[in-house]
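Each chain is listed here by its residues.
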Amino acid sequence: MFQKLKGFRDIYPESMRARRIVFDKINATAREFGFHEIDAPSVEHLELFRVKSGDEIVEQTFSFVDKGGRSITLIPELTPTVARMLASRKDLIKPVKWFSFPKMWRYEEPQSGRLREFYQFNADIFGVAGIEADAEVLALAMEILDSLGLKGKYEMRVSDRLLMEEILRKLGVERIEETFRVIDKRDKIPEEQFLGKLQDIAGSDAGLEISEILSVKGTVSEVLSKIGESERGEDLLELQELLAAYGKEITLDLSIVRGLAYYTGVVFEAHDSKGEFRAILGGGRYDNVVQLFGGEPTPAVGFGMGDAVLELIMKREGIWPEERMEVDIFVAIVPGFRKEATQIAMKLRKEGFRVDMDLTGRSLGKQLKYANRINARYAIIVGEEVREGKVVAKNMKSGGQRTVEIGKLKEVINEN
RNA sequence: GCCGGGAUAGGGUAGGGGCUAUCCUGGGGGACUGUGGAUCCCCUGACCCGGGUUCAAAUCCCGGUCCCGGCCCCA
């Protein structure tokens with residue numbers, strides 16, 4: 001027997017069905033928000049990923065040299081591809097609102113909520129510099145989680161690079177990039193050591209102040225009241241008010257940095273309220289990326305959400321759909337009536353039912369046992385009575401059955 | 001890449017040097033070729049891979065693979 005490759009999953013029908021329900025719901029929500037679905041190649045030039053994110057990304061790719069000597073990789077993220085697509089079409093109607101739910105690959109050590117192959121939902125808005133697009137994207141992200149039944153089970157933490165820069169400048173901090181890098185390490189090193197590093201870069205007083213600002217979390221208004229007068233703060237207040245109109249609430253948490261490699265404004269992460277799992281989704285504004293890929297300078301804001309953490313949290317909350325096979329009708333066949341049964345099965349299929357039928361010729365008892373195992377709602381038994389245009393329709397749940405005219409099958413089955 | 005814990009039929013498990021590897025469940029068939037979920041019978045089917053120690057290895061040792069989790073990283 002061959003084993004699976006590390007970090008890859010086999011998905012069997014029972015769990016694929018649950019997955020499909022969740023994925024369809026997510027896609028439907030994106031469509032409700034007026035986003036349009038795209039698809040893209042699973043492989044790209046390795047170089048494409050170096051442009052945006054640098055070498056450490058490249059080391060975590062499934063890459064290879066193809067027969068033409070090109071360095072190729074399975075995509076570890078979608079943003080460079082989307083930016084490439086955007087850059088090569090100048091006739092797109094702005095704002096561009098795209099979503100997609102592709103598979104991606106990252107060569108990392110698997111652990112809870114992290115695999116080597118996974119699905120990641122992506123949604124982006126291009127061409128809007130204002131906070132309205134940030135609000136729309138955040139609202140979509142939250143509506144997706146809410147509609148899946150996670151309302152109240154997660155917290156949307158928002159930070160903002162521009163606000164942070166403004167604060168740091170006011171405090172007289174010059175080494176801004178370096179400060180961000182330290183902030184990113186905040187939860188990974190002891191508190192005292194963190195403060196020490198901050199003070200090394202920003203100075204003793206400023207370091208202390210930054211540390212205090214980082215520990216304040218709450219509504220935008222609450223956090224701003226601790227910070228004082230702020231230009232960017234006005235935008236964030238507007239963001240908060242817009243989101244209120246969408247019926248959504250966010251938490252301002254300035255300790256969120258998100259790698260920050262290319263984010264230029266708002267950044268956000270949705271976290272499990274119980275703090276058990278890693279971030280469910282993350283995103284932000286990245287106004288410089290499209291031009292990096294040769295496009296016109298284009299403001300952009302978006303997010304990505306992997307399926308792994310989402311599945312973990314939904315399972316913990318008991319809201320992951322049931323993992324079972326399902327079919328509407330099983331057509332059982334009495335010997336000698338296969339042709340008639342086939343015609344009836346096809347008729348029901350055309351009417352939109354999910355219809356399975358016996359292919360084995362085994363005993364009726366076995367056929368019904370099979371119907372039971374595949375969770376058929378109804379079994380149709382095709383035998384002698386078909387000569388009078390009738391079949392037996394058996395409700396597999398109640399066990400009740402009646403002989404009905406073929407033409408009336410549809411209503412009988414739709415009764416429950 | 002590093003660290004910890006695991007791996008026994010399709011799924012869940014017992015057994016920790018010795019005779020035909022335990023039990024539950026599932027799958028196929030039958031009792032019962034026009035009625036499923038029950039019962040009974042039969043069949044099916046496993047010691048992750050490679051090496052070592054030993055008269056003898058599922059069991060002990062080494063290496064690898066995969067799984068679960070943690071670190072780094074998280075695009």
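Computed from a predicted structure; not experimentally measured.

Details of the packing of helix α5 (residues 131–150) against helix α13 (residues 307–316)
Taken N-terminus to C-terminus, the directions of α5 and α13 make an angle of 35°; their axes are 11 Å apart at the nearest point. Here L145, L148 and L150 of α5 lie close against α13, whose contacting residues are L310, I313 and M314.

So, the domain arrangement of chain A
As assigned here, chain A comprises domain 1 (13–40 + 78–316) and domain 2 (327–414). Relative to domain 2, the C-alpha centre of domain 1 lies at a distance of 51 Å.

Comments concerning the protein's contact with RNA strand B
By nearness alone, 40 residues border RNA strand B, and E77, R114, N372, R373 and E384 come closest of all. Among the atoms of RNA strand B lying within 4 Å of the protein, the sugar-phosphate backbone contributes 50%. Measuring from a sugar or linking oxygen of RNA strand B, one finds a side-chain N or O atom of Q60 at 3.3 Å. Note that a sugar or linking oxygen of RNA strand B is positioned 3.1 Å from one of the side-chain N or O atoms of Y262. Elements represented by at least two residues in the surface near RNA strand B include exactly α15 (364–373) and β17 (390–395). Here the surface near RNA strand B gets 7 residues from one element, more than from any other, and that element is α15. Split into classes, the residues belonging to the surface near RNA strand B amount to 10 nonpolar, 11 polar and 19 charged.

Some words on the sheet that holds strand β3 (residues 63–65)
Pairing is antiparallel in the open sheet, where 3 strands are placed in the order β2-β4-β3. Each edge of the sheet is formed by a strand with only one pairing partner; in this case those strands are β2 (43–45) and β3. The mean angle between the axes of side-by-side strands here comes to 35°, regardless of whether they run parallel or antiparallel. Bridge count between β3 and strand β4 (residues 71–74): 3 bridges; the pairing is antiparallel. Across the sheet, the residue bridging to F64 is I72, located in β4.

The rules behind the values
Residues numbered from 1 in each chain as written. Chains lettered and ligands numbered in written order. Predicted model: local features only at pLDDT ≥ 70, side-chain atom pairs only at ≥ 80, totals over all residues. Heavy atoms only, no water. Axes fitted to C-alpha atoms, helices over the stretch in contact; angles between N-to-C directions. Helix = DSSP H or I, 4+ residues; strand = E, 2+ residues; numbered from the N terminus. Contact = heavy atoms within 4.5 Å. Domains from an automatic or database assignment. Near = heavy atom within 4 Å. Polar contact = N/O pair within 3.5 Å; in protein donor to acceptor, adjacent residues only side chain to side chain. Nonpolar A, V, L, I, M, F, W, Y, C, P; charged D, E, K, R; others polar. Pairing = 2+ DSSP bridges.

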